[in-house]
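Below, each chain spelled out in residue letters.
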Amino acid sequence: MPRPVVLVAEELAPSALEVLSTEFEVRTVDGADRGALLPALAGVDAVIVRSATHIDAEALAAADRLKVVARAGVGLDNVDVPAATARGVLVVNAPTSNIVSAAEHAVALLLAVARRVPQATASLKSGEWKRSRFTGVEVTDKTMGVVGLGRIGVLVAQRMSAFGVRLLAYDPYVPAARAAQIGVRLVPLDELLRESDFISIHLPKTPETVGLIGERELALCKPGVIIVNAARGGLLDEHALAQALKEGRVGGAGVDVYATEPCTDSPLFAFDNVVATPHLGASTAEAQDKAGLAVARSVRLALQGEFVPDAVNVQAGGVVAEEVRPGLPLADKLGRVFTALAGGVASQLTVEVRGEIAAYDVSVLQLSALKGVFADVVEEPVTFVNAPLHAAERGIELGLMTSPDSPDYRNLVTLRGTLATGEQVSVSGTLSGPRHVEKLTEVDGFDVDVLPVAHMAFLRYDDRPGVVGIVGRVLGDAGVNIAGMQVSRRTAGGEALMVLTVDSAIPSAALAEIAENVGATSARTVDLTEQ
């Protein structure tokens, strides 16, 4: 079979290209050239971009086979995430790849402004020796305000604490106890502005944060305050900052990001006490390498149909607890077994998670189960992105139930659903031992203990002698070797469930012959081979 195609639209670290080329056909294109990008997207399975390539609705429409868009960096301003989601395309980024580089750059800007390093360098290189012109200010014993205490903000706070500063922070989404653990006092934004000698901004760009620090906020600041923005352009009003610098109310600024980029003409560039860089926060060899490797791994997981932790448009996206992660393949298999047993799509489906893992966020298990439910129902590949879309299109009522109580197993996952006919179907499974061995433990109320292997069959019939012999004879005549057989019943002579594991697929004629000879009320096969 042809290898999946990955289109690299911008420069990527050699280590990342090496990872990709081992499993995929790698093509390249200049993503900033729209005329070259659109035709290049046809027939590709994944596209990797940085900041110059725009993947919008038009680009997505041109990518007839696209499964994943990967941004080798943090921001996603250049990717139409809602449009990608509507098409079932996974969107991933590298959220932690550049956090150290970004934090270090913010600190570098702050120190460069405080000690006037670039200005002094330019003066000396022009043949001047004028030390008195470049008197700076110390950082020690001053108050440092961090606007946004996310991952980068925390790193900045930790590094600045080594300078002996008093740390304040504004972040309405961070508990005060968490801030206190790293030696930071949370305060309202206005208080931070009034008390800080240095301010560094580390917020995401959202409708709520654009223009967060403007004319009013700058008027609240201490005279001579030094402000750094190495987060996102537009959070700090550049024109208001220029006016404050002109009036001498702000002592200096370090700016790495701009409302419109690329930016080669800004009123800020006219001020000697402004250190400006062209969006270099992630521009280190280490950050580029980390970002490239991170998205290469995400692309590989996505094209293998696995869960991608860095997916931004998956309903259960984010960090999956290590205790939960081993259950993802099991939940997927339970979904495929459920659909095979049901013989169609349920109108209502609930995923029940019991035991120790119920203490964690297990919504990803529901998503994985849903992915399995549709794996053998629809023609196109089912992903963690489009599985919920398939459910919504069919009007399936979804539920997730968790409970720490699991009397018989350490952890138990159950899919329980109702068909349009009112019939109830259920299947349960668990992971056994340190190797996380997958086992089916229950089917429609019958207790079983079966490994979910590639080829399985489920027979429902009235318990009576001779059934095992009939099954063995028919499968033997068909050349199908039985690997395992288990019969579960509630009472002798009552309804029984036989679960067969076999080494190859059971021909439909052989299954029909078995069902007729044993009087089966239901005879279903399940194919769990990799898709």
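Residues numbered from 1 in each chain as written. Predicted model: local features only at pLDDT ≥ 70, side-chain atom pairs only at ≥ 80, totals over all residues. Heavy atoms only, no water.

Asker: What exactly am I supposed to notice about the packing of helix α5 (residues 99-115) against helix α7 (residues 151-161) here?
Answerer: Between two packed helices, what matters for the description is the angle formed by their axes and the separation of those axes. Relative to each other, α5 and α7 sit at 50°, their axes nearing to 9 Å. The orientation of α5 with respect to α7, classified from their angle, is oblique. In this structure, the crossing between α5 and α7 has a hand that is right-handed. Packed against α5, whose contacting residues are I99, V100, A102, A103, E104, A106, V107 and L110, the element α7 presents R151, I152, L155, V156, R159 and M160 at the interface. (Axes fitted to C-alpha atoms, helices over the stretch in contact; angles between N-to-C directions. Helix = DSSP H or I, 4+ residues; strand = E, 2+ residues; numbered from the N terminus. Parallel < 35°, antiparallel > 145°, perpendicular 65-115°, else oblique. Left-handed = near helix turned anticlockwise from the far one by under 90°. Contact = heavy atoms within 4.5 Å.)

Asker: Sorry if this is basic, but what is going on with the pattern of salt bridges here?
Answerer: Note that side chains of opposite charge can pair when their charged atoms are close. A complete count under the given rule lists 30 salt bridges for this structure. The partner of D444 in a salt bridge is R460, and the shortest N-O contact between them spans 2.8 Å. With D444 in the loop between β17 (437-443) and β18 (446-450) and R460 in strand β19 (residues 455-462), the pair connects residues that are 16 residues apart, well separated along the chain. For R489, the salt bridge identified is with D463, shortest N-O distance 2.4 Å. Remark: D463 occurs in the loop between β19 and α16 (467-477) and R489 occurs in strand β20 (residues 482-489); sequence separation between them is 26 residues. Sharing partners across several salt bridges, the network here consists of R166, R185, E191 and E195. (Salt bridge = Lys/Arg side-chain N within 4 Å of Asp/Glu carboxyl O.)

Asker: Just checking my understanding: could you explain a nonpolar patch on the surface for this structure?
Answerer: Together, V437, L451 and V453 make up an exposed nonpolar region whose accessible area comes to about 200 Å². Structurally, V453 can be placed in the loop between β18 and β19. Of the residues examined, V453 reaches a relative accessible area of 30% and is grouped as partly exposed. (Patch = residues over 30% accessible without salt bridge, like charges linked within 9 Å, V, L, I, M, F, W, Y side chains within 5 Å. Areas by Shrake-Rupley, 256 points an atom, 1.4 Å probe, with all protein chains shown as cover. Buried < 20%, exposed > 50% of the residue type's maximum accessible area, 1.4 Å probe, protein only.)

Asker: It is not clear to me how the packing of aromatic side chains should be interpreted in this structure. Could you clarify?
Answerer: Two aromatic rings are characterised by how far apart their centres lie and by the angle between their planes. Per the counting criterion, the structure on display carries one aromatic pair. Pairing Y258 with F269 gives two aromatic rings, centres 6.0 Å apart and planes at 80°, and the pair type is edge-to-face. Placement of the pair is Y258 in the loop between β11 (250-255) and β12 (274-276) and F269 in the loop between β11 and β12, with a sequence separation of 11 residues. Overall, the relative accessible area of 37% leaves F269 in the partly exposed class. (Phe/Tyr/Trp six-rings, centres within 6.5 Å; stacked < 30°, edge-to-face > 60°.)

Asker: Mind showing me how you'd approach the side chain of R71 here?
Answerer: Position of R71 relative to the elements: it lies in strand β4 (residues 68-71). Although R71 lies buried, it forms no salt bridge, and the closest oppositely charged side chain, E10, sits 6.9 Å away as judged by the N-O distance. A polar contact is formed between the side chain of R71 and the backbone oxygen of R50, at a distance of 3.0 Å. Ignoring anything within four residues of it in the chain, the contact list for R71 reads V49, R50, S51, L76, N78, V92, N93, A94 and V295. (Lys, Arg positive; Asp, Glu negative; His and termini not counted. Polar contact = N/O pair within 3.5 Å; in protein donor to acceptor, adjacent residues only side chain to side chain.)

Asker: Would you mind showing me how to read the sheet that holds strand β10 (residues 225-229) here?
Answerer: Strand pairing in a sheet is mediated by backbone hydrogen bonds. Such pairs are either parallel or antiparallel. As summarised here, the arrangement of the seven strands in space is β8-β7-β6-β9-β10-β11-β12, forming an open sheet in which the pairing is parallel. Of all the strands in the sheet, just β8 (185-186) and β12 have a single pairing partner and so form its edges. (Pairing = 2+ DSSP bridges.)

Asker: Is there a simple way to think about the pairing of β17 in this case?
Answerer: Regular strands place their side chains on alternate faces of the sheet. Counting buried positions along β17 yields five of seven residues, so the element is predominantly enclosed. The antiparallel hairpin formed by strand β16 (residues 424-432) and β17 contains four residues in its connecting segment, where G433 sits at a positive phi of about 75°. Both β17 and β18 contribute to a ladder of three bridges, which runs antiparallel. Looking across to β18, one finds that V443 is bridged to F446.

Asker: When you look at the sheet that holds strand β3 (residues 46-49) in this model, what are you seeing that I'm missing?
Answerer: Taking strand neighbours across the sheet as the criterion, the five strands line up as β2-β1-β3-β4-β5 in an open arrangement whose pairing is parallel. Looking at the sheet topology across the chains shown, the edges are occupied by β2 (25-28) and β5 (90-92). Along the sheet, successive strands turn relative to each other by an average axial angle of 20°, direction set aside. As paired elements, strand β1 (residues 5-8) and β3 share three bridges and run parallel to each other. Opposite V6, over in β3, you have A46 as the bridge partner. Contacts from helix α1 (residues 14-21) reach β1, β2 and β3, with the element oriented near 135° to β2.

Asker: Can you walk me through the environment of F446 in this structure?
Answerer: In this structure, F446 sits in strand β18. Taking the C-alpha atoms as reference points, F446 and V427, separated by 19 residues in sequence, lie 9.2 Å from one another. Non-local contacts of F446, meaning those with residues more than four positions away in its chain, are made with T441, R460, S488, R489, R490, E495, A496 and L497.

Asker: Which parts of the structure should I look at to understand the nonpolar core?
Answerer: Proteins that are soluble and globular tend to have nonpolar side chains buried together. Counting residues in hydrophobic clusters, the biggest one holds 73 residues, and the most contacted among them are V6, I48, L90, V299, L365, L415 and F458. Of the residues forming this core, the biggest block, nine residues, is contributed by helix α13 (residues 327-342). Setting aside anything within four residues of it in sequence, one finds F458 in contact with V337, L341, L440, V443, L497, M498, V499, S522, A523, R524 and V526. Core analysis: the next-biggest nonpolar cluster, separate from the first, contains 30 residues, L110, A112, A114 and L149 among them. (Core = buried A, V, L, I, M, F, W, Y, C linked by side-chain atoms within 4.5 Å.)

Asker: Can you help me understand unusual backbone geometry in this one?
Answerer: Note: most peptide bonds trans; most residues except glycine with negative phi. In this structure, the amide linkage connecting E261 to the following residue, P262, adopts the cis form with an omega of -5°. On the secondary structure map, P262 appears in the loop between β11 and β12. For R116, which is not glycine, the phi torsion reads 55° and is therefore positive. Tracing the backbone through its elements, the reader meets R116 in the loop between α5 and α6 (117-125). One non-glycine residue with positive phi stands out, namely H279, at about 55°.

Asker: Would you mind going over the packing of α16 against helix α17 (residues 508-518) with me for this structure?
Answerer: Two elements in contact, α16 and α17, have axes whose closest approach is 10 Å; the angle formed by their N-to-C orientations is 160°. Considered as vectors, α16 and α17 are oriented roughly antiparallel to each other. For the element pair α16 and α17, the recorded crossing hand is right-handed. Taking contact as the criterion, the partners of V467, I470, V471, R473, V474 and L475 in α16 are, on α17, A510, E513, I514, N517 and V518.

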